[in-house]
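# Structural overview
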Amino acid sequence: MADKSQVCSVWVGSETGILKGVSLSKKQAFNFCEMSCLSRDQEVCVLGWGDEHETEVLVGSVNGTVKTFSTEKGIFTETRQCGESTQGRFTGIAVTDSALITCVETGLLRVWKEGSTDTVEINAGTNVCRMRQNPSQRNQVATGGKENGLKVWDLERPETPIFTSKNVRNDWLDLRVPEWVRDMSFIPDSDKIVTCTGHHQVRVYDPASPQRRPVLEAHFGEYPLTALSLPANQDSVVVGNTHGELAILDLRKGLVRGCLKGLAGGVRGLQCHPSLPLVATCGLDRFLRVHSLEDRSLQHKVYLKSRLNCNLNSSAVTGDVEEVKEEGGEVDEVWDTMEMINDQAKKRATDEEEAVVTGVEKTTKKRKVVK
């Protein structure tokens, strides 16, 4: 397992609780899980790197546990109970130099310090949909959700948020515009934050400016946006919605640069490569896809057999354009033992039975006419 995990370039979390590693260079995919205790409450909600060297993957599950997977050893090395299932699913996970950061749907943001039983708890408001860490200032995180506007927190001063967004002005009917922050990301080399909403809006906030309302707003499509990610060039953003539509938006003018095609289900996970013009997506259609942001072509495609929730890219993503095959391991043994049903043979047998019944009916009618 250690050799398999070391070659994986994309990690994917599924509804079945299986952590899947995909090697795009070797055209293979692997399952990493504990089959003896696999259950639906271990559904993977969030993924994150446990260190800067990308040797550990943090896996947050529905039951409130956070598992540490070693990419060098190919096994789960640690399991921590960081919440209860009654508190809601994990909406974000991150690490600092000496602590683990988790956030759940009820708005409970916690900082778990290493070597200490004390935790810092922050109430980020109800119905939190996402929590993201600032990569340049790791002690800062952003939260947002349904009727819960964007907030930026300094974990060293957790009493009040350092930035709280203000809702946009009323619409042309003088009605309040509903808020629904689904995802956000810190724009590098600036204080700005880009968000996407459940009302197909993309907004840019600038905490350094006097106004708390968005400094830029754009729209894409007609369906709720579910995820976003910033490419390496930093002047655009990639967004996905519930109908499997992907688009690249210009953050300077708020215009759509182009769309990425090929998806057949809602987007749940979306992440751009930190240095290459590539974006990896996964979702309800059970495929992991890697698109090029230069010509918007499909580079890789892999079927992973279960509905996918999130993905995590390593710093190395290479390989030619080709469909990847998955090695299912112990999961495939269950499918191999099942009996295969031949649809054509079944249809042929049904047609023969119908023909026999029709012949019997005709014979019966002829006998009645003769009498």
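The structure under discussion appears in the preceding block.
Calculation rules
Residues numbered from 1 in each chain as written. Predicted model: local features only at pLDDT ≥ 70, side-chain atom pairs only at ≥ 80, totals over all residues. Heavy atoms only, no water. Salt bridge = Lys/Arg side-chain N within 4 Å of Asp/Glu carboxyl O. Helix = DSSP H or I, 4+ residues; strand = E, 2+ residues; numbered from the N terminus. Buried < 20%, exposed > 50% of the residue type's maximum accessible area, 1.4 Å probe, protein only. Patch = residues over 30% accessible without salt bridge, like charges linked within 9 Å, V, L, I, M, F, W, Y side chains within 5 Å. Areas by Shrake-Rupley, 256 points an atom, 1.4 Å probe, with all protein chains shown as cover. Contact = heavy atoms within 4.5 Å. Pairing = 2+ DSSP bridges. Axes fitted to C-alpha atoms, helices over the stretch in contact; angles between N-to-C directions. Core = buried A, V, L, I, M, F, W, Y, C linked by side-chain atoms within 4.5 Å.

Here the focus is the pattern of salt bridges. Under the defined criterion, the tally for this structure stands at 18 salt bridges. Where Arg132 meets Asp183, a salt bridge forms, and the shortest distance between an N and an O atom there is 3.0 Å. Separated by 51 residues along the polypeptide, Arg132 in strand 12 (residues 128-133) and Asp183 in strand 16 (residues 181-186) bring together distant segments of the chain. A relative accessible area of 0% places Asp183 in the buried class. Its salt-bridge partner being Asp285, residue Arg289 comes within 2.5 Å of it at the nearest N-O pair.

Next up on the list: a nonpolar patch on the surface. Taken together, the side chains of Trp172, Leu173 and Leu175 define a hydrophobic patch exposed on the protein surface, amounting to about 420 Å² of accessible area. When its relative accessible area of 47% is taken as the criterion, Leu175 is described as partly exposed.

One can find Glu15 in the loop between strand 1 (10-14) and strand 2 (19-23). A relative accessible area of 8% means that Glu15 is categorised as buried. The contacts of Glu15, once residues within four sequence positions are left out, are Arg40, Glu43, Arg268, Arg307 and Asn309.

All right, on to the sheet that holds strand 20 (residues 225-229) then. The pairing of strands in a sheet comes from backbone hydrogen bonds and takes either a parallel or an antiparallel form. The four strands lie next to each other as 20-21-22-23, forming an open sheet whose pairing is antiparallel. The outermost strands of the open sheet, each flanked by one partner alone, are strand 20 and strand 23 (256-260). Each strand axis lies, on average, 25 degrees off the axis of its neighbour in the sheet, ignoring direction. Bridging between strand 21 (residues 236-241) and strand 22 (residues 246-250) involves five bridges; their strand directions are antiparallel. Across the sheet, Val238 pairs through a bridge with Ile248, a residue of strand 22.

One finds Val194, Val202, Val237, Val239, Leu249 and Leu251 to be the most contacted residues of the largest nonpolar core, which totals 15 residues. Contributing elements (two or more residues each) for this core: strand 17 (193-197), strand 18 (201-205), strand 20, strand 21 and strand 22.

Read across the open sheet, the four strands follow the order 4-5-6-7; overall the sheet is antiparallel. Edge strands, defined here as strands with exactly one partner in the open sheet, are strand 4 (44-49) and strand 7 (75-81). Between one strand and the next, the sheet's axes are offset by a mean angle of 20 degrees, whatever the strand orientation. Sheet topology note: the strand 4/strand 5 (residues 56-61) ladder contains five bridges and is antiparallel. Bridge pairing in strand 5 links Val46 to Gly60.

This brings us to the pairing of strand 17. Within strand 17, five of the five residues are buried, which leaves it mostly tucked inside the rest of the structure. Residues Ile193, Thr195 and Thr197 of strand 17 are buried on one face, and the alternating residues Val194 and Cys196, pointing to the opposite face, are buried as well. Here five bridges tie strand 16 to strand 17, and the two strands are oriented antiparallel to one another. Bridging from a neighbouring strand, Phe186 pairs with Ile193 of strand 17. Where strand 16 folds back onto strand 17 in an antiparallel hairpin, the turn is made up of six residues, including Asp189, whose phi is positive at roughly 60 degrees. Sheet analysis places strand 17 next to strand 18, joined by four bridges and oriented antiparallel. Residue pairing for strand 18: Val194 is matched across the bridge by Val204.

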